[in-house]
Amino acid sequence: ERKEDLDEDEYESTKQETISQLREFEASLQKMMAGDMTLVSELGGMRLAIQGAISEAFKTPEVIKMFANKQPAQLRMKFEQLKEDLKLKRVTQGAHKAQAVEILTALKKLGEELSAEEQAFLSDNMTQQMADFESAASSSSLLAGAGILSQAAQQVKAAQ
């Protein structure tokens with residue numbers, strides 16, 4: 001805006017705001033020149049930790065994709081299919097256990113109610129990576145706020 005277009009109060013207010021912004025910018029430059037800047041902010045560090053926990057905890061791309069896209073119904077269907085595959089001996093007991101823990105943990109993190117049987121299975125079979133994921137992502141709002149779910153979905157799509 002031009003000075004002529006502003007009244008005296010607007011001009012002074014704008015001038016003071018600009019001076020304040022310049023002082024903040026100068027302080028930032030001084031910190032950068034002194035080498036007093038961290039590469040990863042606290043929030044960025046938290047995002048990286050949660051992203052790492054997700055990639056360590058979930059090994060099945062299909063489960064990661066359903067979790068990232070917040071698809072609890074599809075996760076439930078996958079869980080039922082997995083139980084059927086175990087009965088028909090299409091998957092080993094170990095593979096069933098690993099995938100079932102992933103699916104149940106994803107359902108729990110999405111706020112789905114787990115039956116007593118599912119909760120007991122999860123408690124008995126949770127791996128250390130899943131426990132780390134549970135503690136790192138104790139709040140689904142933190143996950144959503146940090147944008148981790150959408151990043152995970154993009155990474156899964158890119159991997160396919």
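It should be noted that the structure appears before, not after, this text.
A quick note: this is a predicted structure, and the numbers were derived from the prediction, not measured.

Asker: So, the overall build of the protein chain: which residues are in play, and what are the values?
Answerer: A tally of helices and strands in the protein chain yields 9 helices and 0 strands. Shown N-terminal to C-terminal, the secondary structure of the protein chain runs as helices and strands in the order α-α-α-α-α-α-α-α-α. Counting only residues that meet the buried cut, the protein chain has 28% of its 160 residues in that class. Taking the contacts inside the protein chain whose residues are at least 6 apart along the sequence as the reference set, 65% of them involve residues at least 24 apart. Only carbon and sulfur atoms are counted for the fraction: they give 51% of the accessible area of the protein chain, which is about 10700 Å².

Asker: Describe the pattern of salt bridges, naming the residues involved and giving the relevant values.
Answerer: Overall, the coordinates contain 4 salt bridges when judged by the stated rule. Of the charged contacts in the structure, one is a salt bridge between arginine 90 and aspartate 85, with a shortest N-O distance of 3.1 Å. Overall, arginine 90 belongs to the exposed group, its relative accessible area being 59%.

Asker: Account for helix H6 (residues 116-125), naming residues and giving values.
Answerer: Residues Glu118, Leu122 and Asn125 constitute the buried set of H6. With its buried residues spanning 85 degrees around the axis, H6 presents them on a single face. Of the exposed residues in H6, those oriented more than 90 degrees away from the buried face are Ala116, Glu117, Ser123 and Asp124. Buried positions along H6 lie against helix H4 (72-87) and helix H5 (93-109).

Asker: Summarise helix H3 (residues 61-68); cite the residues concerned and give the values.
Answerer: Buried within H3 are the following residues: Val63, Ile64, Met66, Phe67 and Ala68. Two residues or fewer after H3 comes lysine 70, characterised by a positive phi angle close to 50 degrees.

Asker: An account of the nonpolar core is needed here, citing residue identities and associated values.
Answerer: Counting residues in hydrophobic clusters, the biggest one holds 14 residues, and the most contacted among them are Leu75, Ile103, Leu104 and Leu107. Elements with a minimum of two residues in this core: H3, H4 and H5. Of all the elements, H5 adds the most residues to this core, at 6 residues. Ignoring sequence-local partners within four residues, the contact set of leucine 104 consists of Phe79, Leu114, Glu118, Phe121 and Leu122.

The rules we used
Residues numbered from 1 in each chain as written. Predicted model: local features only at pLDDT ≥ 70, side-chain atom pairs only at ≥ 80, totals over all residues. Heavy atoms only, no water. Helix = DSSP H or I, 4+ residues; strand = E, 2+ residues; numbered from the N terminus. Buried < 20%, exposed > 50% of the residue type's maximum accessible area, 1.4 Å probe, protein only. Contact = heavy atoms within 4.5 Å. Areas by Shrake-Rupley, 256 points an atom, 1.4 Å probe, with all protein chains shown as cover. Salt bridge = Lys/Arg side-chain N within 4 Å of Asp/Glu carboxyl O. Arc of directions from axis to C-beta. Core = buried A, V, L, I, M, F, W, Y, C linked by side-chain atoms within 4.5 Å.

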